[in-house]
Structures are given as C-alpha cells and as structure tokens.
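Below are the chains, spelled out letter by letter.
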Amino acid sequence: KDNKTLMYLNLNCNKISEDGARAFSSLLKLNTPLKKLSLSSNRIGNNGLAALSEAVATNNCNLTTLWVNNNGITETGLCAMAAALRSNITLTNIYIWGTN
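Residues numbered from 1 in each chain as written. Predicted model: local features only at pLDDT ≥ 70, side-chain atom pairs only at ≥ 80, totals over all residues. Heavy atoms only, no water.

Caption draft 1: Up close: the sheet that holds strand β3 (residues 65–67). As summarised here, the arrangement of the four strands in space is β1-β2-β3-β4, forming an open sheet in which the pairing is parallel. On the outer flanks of this sheet lie β1 (8–10) and β4 (93–95), each paired with one strand and no other. With strand direction ignored, the average angle separating the axes of adjacent strands in the sheet is 0 degrees. Across three bridges, strand β2 (residues 36–38) lies against β3 in parallel orientation. (Pairing = 2+ DSSP bridges. Helix = DSSP H or I, 4+ residues; strand = E, 2+ residues; numbered from the N terminus. Axes fitted to C-alpha atoms, helices over the stretch in contact; angles between N-to-C directions.)

As structure tokens, this is what we get:
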C-alpha cells in the first residue's frame, strides 16, 4: 500500500521499460519518502524519462537523487527532464551518462 519508510530503491539492470517508469512516476507523485531512485541500465527510454519528469515537476516528489544512465535516452528525454527541473526544489543529483 503506502510507503512510509523506504528512502532508497535500487532497481538497476531489471529490464524496466517505459511502462515501469510510468508506474514509478505515479508513485512519486504521491508524496512518498523515497529520496533516491536508481533505474540505471534498464529500458525506460525517452518516454519513460518524460513520465518520470512529470513526477519530478510536482511538489509532492521528494527525490534528491535519480540514476537513469544507460537507458537509451536521447535529447528528447533530456529536454523533458530539463523542463521539469525548472519547478523542482528537491532533486540535487541526476545521473544520465551513457545516453544515445
């Protein structure tokens, strides 16, 4: 049900797709205590990063660190995240290397 304690979640190398990223986006919009989310080396792509960006742009997102490196992200996904960062006040570290 509701996460009240989990602050760090590492899901590297789990073949998570853009649908999985959308699910995480919905979770992040619910004001969870999650501070660090690592989705490195998955398959979220541009659409997945765009979904995560929507969550990052909300006031309910408490993430301070996000890892999305090696996910097939191009400038389209990066632009979505850049736009979200304009309104985000918590995210201080984002790791995006290994993009296309």
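Caption draft 2: Region of the structure containing unusual backbone geometry. Residue Cys13 is not a glycine yet carries a positive backbone phi of 55 degrees. With respect to the secondary-structure elements, Cys13 resides in the loop between β1 and α1 (18–28). Located in the positive-phi region is Asn31, a residue other than glycine, with phi close to 65 degrees. Relative to the helices and strands, Asn31 resides in the loop between α1 and β2. On the accessibility criterion, Asn31 (46% relative accessible area) is partly exposed. (Buried < 20%, exposed > 50% of the residue type's maximum accessible area, 1.4 Å probe, protein only.)

Caption draft 3: Molecular detail of the nonpolar core. Counting 21 residues, the largest nonpolar core has Leu28, Leu37, Ile44, Leu52, Leu63, Leu66 and Val68 as its most contacted members. Counting only elements with at least two residues in this core, the list comes to α1, α2 (45–56) and α3 (75–85). By residue number, the principal contributor to this core is α2, which donates four residues. When near neighbours in sequence (up to four residues on either side) are disregarded, Ile44 contacts Ile16, Ser17, Glu18, Ala21, Leu49, Leu52, Val68, Asn71 and Ile73. (Core = buried A, V, L, I, M, F, W, Y, C linked by side-chain atoms within 4.5 Å. Contact = heavy atoms within 4.5 Å.)

Caption draft 4: Inspection of the environment of Lys36 at higher detail. Looking at the secondary structure, you find Lys36 in strand β2. Taking the relative accessible area as the measure of exposure, Lys36 reaches 36% and is therefore partly exposed. As for Lys36 and Met7, which are separated by 29 residues in sequence, their C-alpha atoms are 6.3 Å apart. Ignoring anything within four residues of it in the chain, the contact list for Lys36 reads Met7, Tyr8, Leu9, Leu63, Thr64, Thr65 and Trp67.

Caption draft 5: Examining the pattern of salt bridges more closely. In the structure shown here, the tally under the stated rule is three salt bridges. A salt bridge links Asp19 to Arg22; its shortest N-O distance comes to 2.7 Å. Linking Asp19 with Arg22, this pair stays in helix α1, spanning three residues, or about one helical turn. For Arg22, a relative accessible area of 36% puts it in the partly exposed group. Each of Glu18, Asp19 and Arg22 takes part in a single network of salt bridges with overlapping partners. (Salt bridge = Lys/Arg side-chain N within 4 Å of Asp/Glu carboxyl O.)

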